[in-house]
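Residue strings, one per chain:
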Amino acid sequence: MSPALTSAELWALFGQFFLLSFLAVGGAIATTPEMHRYLVTEHGWLTDAQFTASVAIAQAAPGPNVLFVAVMGWNVAGPLGALATMCGSLIPSTALSLWATRWGHRRRETRGVRAFTSGMAPLTIGLLLATGWVLAGPAVGHAGALLLVATTVIVMTRTRISPMWMVAAGASAGALGLA
Amino acid sequence: MPPPDQAPHRPQSLSDLFLTFNLMSLQGFGGVLAIVQRELVERKRWLTREQFVETLSVSQVLPGPNVVNMALMIGDRHFGLRGAFVALAGMLLVPLVIVLALAALYAEFASQPRVSGALRGMGAVAAGLVIATGLKLLPTLKANVLGLPLGLGLAALMFVAMAVLRWPLVWVLPGLGLLGVAIAWRRL
């Protein structure tokens, strides 16, 4: 399944994910169309099905969704591939985040930084609601799945129950064919 | 606008930081953000709701995964560079091993209807978790210098642009962001 990549190709893989990560505003998932073009269409390192499965596996597993990047690298070239794609994706955003948080924290009482945090807050919340809405898309038309979405919203806003119980309930309901 | 109030608690040590982020990450099926809000704001109280929105806002405009950026920022705030990397490792290491193991087993998993059903059910719950997180953060707009009506209006515009019109985030975020920041600047 994994064609052997030369070290030049591994560096190219690293470089591509490094560059793409600068475009990944709102998360790495936003750059999947570009990753697809590079890995599947241009180089043929992954099949279409392998590409889609990489995203699906990471979404089903615990942890940040960005791990789908590691699965893609793994499917292309094993452990070294995973290392190349993960490091490529994370180095730029890590450096920028650290720089930005320190810069902003030193100036948090200035008018500019306060205008930024106040002005962005409603958009951040709106984007969260939109993300939830888009994620709920596959549930439309399935009464059981819609009920799960609604129940989760109610339980999470009204109680202090751990989200783990809701995930377990969702998995059980789905396994029984109710979602 | 009230000054950013201090959160009542903080991580006790680097290992506390690592374990907390590790456990949050392992609970995060279909996204970790909802878990981070639950744990760090409501349970451990390392962040106030306002600080959570602030940190998330900054993560959002930066490239890279939001929760990963947030982990770096929270770790850095408490323990400097070491804290940033410990929080990052907590968030990524164990889940990375799990996801690669799953990738290796995927072929067998995928064909079973019970497994795909369970994944669908978990996906629905993940959507509900994110929506609930957004709803719980809406009241923070009351303390915002924009005022509640304008804040809700901007949140609604963002929602419509992204969820209904499906416009690309790279245009919507700078566009609405400039608008929100400009209004906030004038009112400060």
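Residues numbered from 1 in each chain as written. Chains lettered and ligands numbered in written order. Predicted model: local features only at pLDDT ≥ 70, side-chain atom pairs only at ≥ 80, totals over all residues.

Attention shifts here to the interface of chain B and chain A. Contacts between the two partners involve 90 residues from chain B, matched on the other side by 82 residues from chain A. Taken together, the elements giving at least two residues each to the side of chain B that touches chain A come down to helix 1 (14–27), helix 2 (33–43), helix 3 (49–61), helix 4 (66–110), helix 5 (113–137), helix 6 (148–164) and helix 7 (169–187) of chain B. Here the residues of the side of chain B that touches chain A sort into 62 nonpolar, 21 polar and 7 charged. (Contact = placed C-beta atoms within 7 Å. Helix = DSSP H or I, 4+ residues; strand = E, 2+ residues; numbered from the N terminus. Nonpolar A, V, L, I, M, F, W, Y, C, P; charged D, E, K, R; others polar.)

It is worth spelling out helix 3 (residues 48–60) of chain A at this point. An ideal rise of 1.5 Å per residue puts 18 Å on 13 residues; helix 3 of chain A measures up with 19 Å between its terminal C-alpha atoms. Every buried residue belonging to helix 3 of chain A is among Phe51(A), Ala53(A), Ser54(A), Ile57(A), Ala58(A), Gln59(A) and Ala60(A), and all of these are buried. (Expected span 1.5 Å × (residues − 1). Buried ≥ 20, exposed ≤ 12 C-beta atoms within 10 Å, placed from the backbone.)

This part is about unusual backbone geometry. Residues and elements named next belong to chain B. Of note in the backbone geometry, arginine 45 takes a positive phi value of approximately 55° without being a glycine. Tracing the backbone through its elements, the reader meets arginine 45 in the loop between helix 2 and helix 3. A positive phi angle, close to 55°, is found at arginine 166, a residue other than glycine. Here arginine 166 lies in the loop between helix 6 and helix 7.

Residues and elements named next belong to chain B. Remark: helix 2 packs on helix 5, axes separated minimally by 8 Å, with the N-to-C direction vectors making an angle of 50°. On the basis of the axis angle, helix 2 is oblique to helix 5. Considering only the axes of helix 2 and helix 5, their crossing is left-handed. Judged by residue contacts, Leu33, Ala34 and Gln37 of helix 2 engage Leu129, Val130, Ala132 and Thr133 from helix 5. In the contact of helix 2 with helix 5, the residues fall into 5 nonpolar, 2 polar and no charged. (Axes fitted to C-alpha atoms, helices over the stretch in contact; angles between N-to-C directions. Parallel < 35°, antiparallel > 145°, perpendicular 65-115°, else oblique. Left-handed = near helix turned anticlockwise from the far one by under 90°.)

All names here are of chain A. The geometry of helix 2 (residues 32–42) relative to helix 3 is characterised by a closest axis approach of 10 Å and an angle of 145° between their N-to-C directions. Crossing hand, helix 2 versus helix 3: right-handed. Seen from helix 2, the contacting residues are Thr32, His36, Leu39 and Val40; seen from helix 3, they are Asp48, Phe51 and Val55.

The subject of this paragraph is the confidence of the model for chain A. Residues of chain A with pLDDT of at least 70 account for 97%, and the chain-wide mean is 88. Within chain A, the lowest mean pLDDT, 80, falls on helix 3 of chain A, and the highest, 94, falls on helix 6 (residues 143–158) of chain A. (pLDDT = per-residue confidence, 0-100.)

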